[in-house]
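Examining the three-dimensional arrangement
Each chain, written out:
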Amino acid sequence: MELQLLGDKPFACEICTATFSERPKLKIHMRTHTGEKPYSCDVCGSAFTVKSNLKTHLRTHTGDKPFACQVCGSTFSQKSNLNTHVRTHTGEKPHACQVCNAAFSERASLHIHMRIHTGEKPYACDVCDKSFTQNGHLMIHKRTHSGEKPFVCDVCSSSFSERSILTNHMRTHTGEKPFACEVCRSAFSQKSYLTIHKRKHTGEKPYACGVCGKAFSRKSHLKLHMNTHIR
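Computed from a prediction, not measured in an experiment: that's the story for all the values here. (Residues numbered from 1 in each chain as written. Predicted model: local features only at pLDDT ≥ 70, side-chain atom pairs only at ≥ 80, totals over all residues. Heavy atoms only, no water.)

**Observations concerning the overall build of the protein**
Counting its regular elements, the protein contains nine helices and 16 strands. Its C-alpha radius of gyration of 26 Å places the protein more than 25% over the 17 Å reference for a compact globule of 231 residues. Seen along its three principal axes, the alpha-carbon backbone of the protein occupies a region of about 80 × 45 × 40 Å. Within the protein, the proportion of its 231 residues that are buried is 19%. Within the protein, contacts between residues separated by at least 24 positions form 0% of all contacts whose residues are at least 6 apart in sequence. Of the roughly 16,800 Å² of accessible surface on the protein, a fraction of 51% belongs to carbon and sulfur atoms. (Helix = DSSP H or I, 4+ residues; strand = E, 2+ residues; numbered from the N terminus. Rg over C-alpha atoms; globule rule 2.2 N^0.38 Å. Buried < 20%, exposed > 50% of the residue type's maximum accessible area, 1.4 Å probe, protein only. Contact = heavy atoms within 4.5 Å. Areas by Shrake-Rupley, 256 points an atom, 1.4 Å probe, with all protein chains shown as cover.)

This is the structure we're talking about:
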């Protein structure tokens, strides 16, 4: 059996013991150790270990998107991106968390999710001591220090630090209320408002006073209640 395996992949890496069926594949693999990137982009100078990666990269300059979705017509520069996109139509989520069974359409999303379990927060703010699981969350946080508000309302010129906040704000102009209660059909402009409303039906009161134990459906109500203990 051992001889058969060696025959299948006779070309072995002397550094990490990875084995390959063909010498050219071993040659490409060795670049992960040497750092060699012989294929360079004539436009921006980016370099790659494999010629196919350079070909894919060049599409960022040409705008070429040869991979089209047969369902909605969306196009992509990489086949892997198309494969991921197709899952939005099929609902397929092949990447499952082994801790809580949550499933994701992309491996990268699973990798980020795992930080909930590990507690890993690799993106640290260089101003304060806060750290985050995602780089995007760090970028948003940094705006609390810089005061930057890059998302501007086209109607009233109000500006916001997050696109999602702008989206919610726009509903004050459009009157859109996309979040509907399944019990009484009341509708709300924000999902958080619907969540609070649903507690009228369920009786849920998740905010409890640490002094007397009285519970409330809203955090703001608990905050007001706490003043009765301070007086």
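Additional details are given in the paragraphs that follow.
**Quick notes on the pattern of salt bridges**
Applying the stated criterion across every chain, the model contains seven salt bridges. Between Glu 148 and Arg 143 there is a salt bridge; the shortest N-O distance is 3.9 Å. With a relative accessible area of 42%, Glu 148 lands in the partly exposed category. The buried category is assigned to Arg 143, whose relative accessible area is 18%. One salt bridge in this structure joins Glu 204 and Arg 199, with 3.9 Å as the shortest N-O distance. For Arg 199, a relative accessible area of 13% translates into the label buried. (Salt bridge = Lys/Arg side-chain N within 4 Å of Asp/Glu carboxyl O.)

**Comments concerning the confidence of the model for the protein**
Residues with a pLDDT of 70 or more make up 97% of the protein, whose mean pLDDT is 92. Here residues 1-6 is a poorly scored stretch, pLDDT under 50, and it has zero contacts once near neighbours within four places are set aside; other chains count. (pLDDT = per-residue confidence, 0-100.)

**Points about helix α3 (residues 51-62)**
When the terminal C-alpha atoms of α3 are compared, their 17 Å separation across 12 residues agrees well with the 16 Å that a helix rising 1.5 Å per residue should span. Taken as a whole, α3 has its buried residues at Leu 54, His 57 and Arg 59. Each element contacted by the buried residues of α3 is listed here: β3 (39-40), β4 (47-48) and β5 (67-68). Gly 63 lies just past α3 and shows a positive phi near 80°. (Expected span 1.5 Å × (residues − 1).)

**Brief notes about the side chain of His 95**
Residue placement: His 95 occurs in strand β7 (residues 95-96). When residues no more than four places from it in sequence are discounted, the contact partners of His 95 are Arg 87, Ala 102, Ala 103, Phe 104, Ser 105, Glu 106, Arg 107 and Leu 110.

**Let's talk about helix α6 (residues 135-146)**
The terminal C-alpha atoms of α6 lie 17 Å apart, and with 12 residues this matches the ideal 16 Å at 1.5 Å per residue to within 8%. Restricting attention to buried positions, one finds in α6 the residues Leu 138, His 141 and Arg 143. For α6, the elements touching its buried residues are β9 (123-124), β10 (131-132) and β11 (151-152). Looking one or two residues past α6, Gly 147 carries a phi angle of roughly 80°, positive in sign.

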